[in-house]
Amino acid sequence: MSPATVACPTCGRELEWASAPFRPFCSERCRLIDLGAWFSEQRAIPGEAAAAPEEAPPAPELPAKPPRR
Ligand SMILES: [Zn+2]
């Protein structure tokens, strides 16, 4: 069984699946908003080779321990 109503992924408003022309969105506007968000996310992904600041602090140097016997 499929639900008679679905929630719009963009605004969360419930709509009737059978009579929704822009399903799964409630309207064309919500559909465009979702597509726009998707494309913007795609563009927002930079190359991973971008210089990323290393926030990890340098490991403190441990004092040399003399070998014990
Ligand atoms: Zn909507």
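Everything numeric here is computed off the predicted structure, so don't read it as measured data.

Cut-offs used in this document
- Residues numbered from 1 in each chain as written.
- Predicted model: local features only at pLDDT ≥ 70, side-chain atom pairs only at ≥ 80, totals over all residues.
- Helix = DSSP H or I, 4+ residues; strand = E, 2+ residues; numbered from the N terminus.
- Buried ≥ 20, exposed ≤ 12 C-beta atoms within 10 Å, placed from the backbone.
- Contact = placed C-beta atoms within 7 Å.

Participant: Lay out the overall build of the chain in plain terms, naming residues and giving numbers.
Facilitator: For the chain, the count of helices and strands is one helix and two strands. Residue burial in the chain is summarised as follows: out of 69 residues, 6% are buried.

Participant: Give me the environment of alanine 4: which residues, what numbers.
Facilitator: With respect to the helices, strands and loops of the structure, alanine 4 is situated in the segment before strand 1 (5-7). Between the alpha carbons of alanine 4 and glutamate 14 there is a distance of 9.8 Å; along the sequence they are ten residues apart. Among residues more than four places away in sequence, those in contact with alanine 4 are Glu16 and Trp17.

Participant: So what about unusual backbone geometry? Which residues, and what values?
Facilitator: Cis rather than trans, the peptide bond between arginine 23 and proline 24 has omega equal to 5°. Residue position: proline 24 is located in the loop between strand 2 (14-16) and helix 1 (28-44).

So yeah, pure geometry; function would need other evidence.
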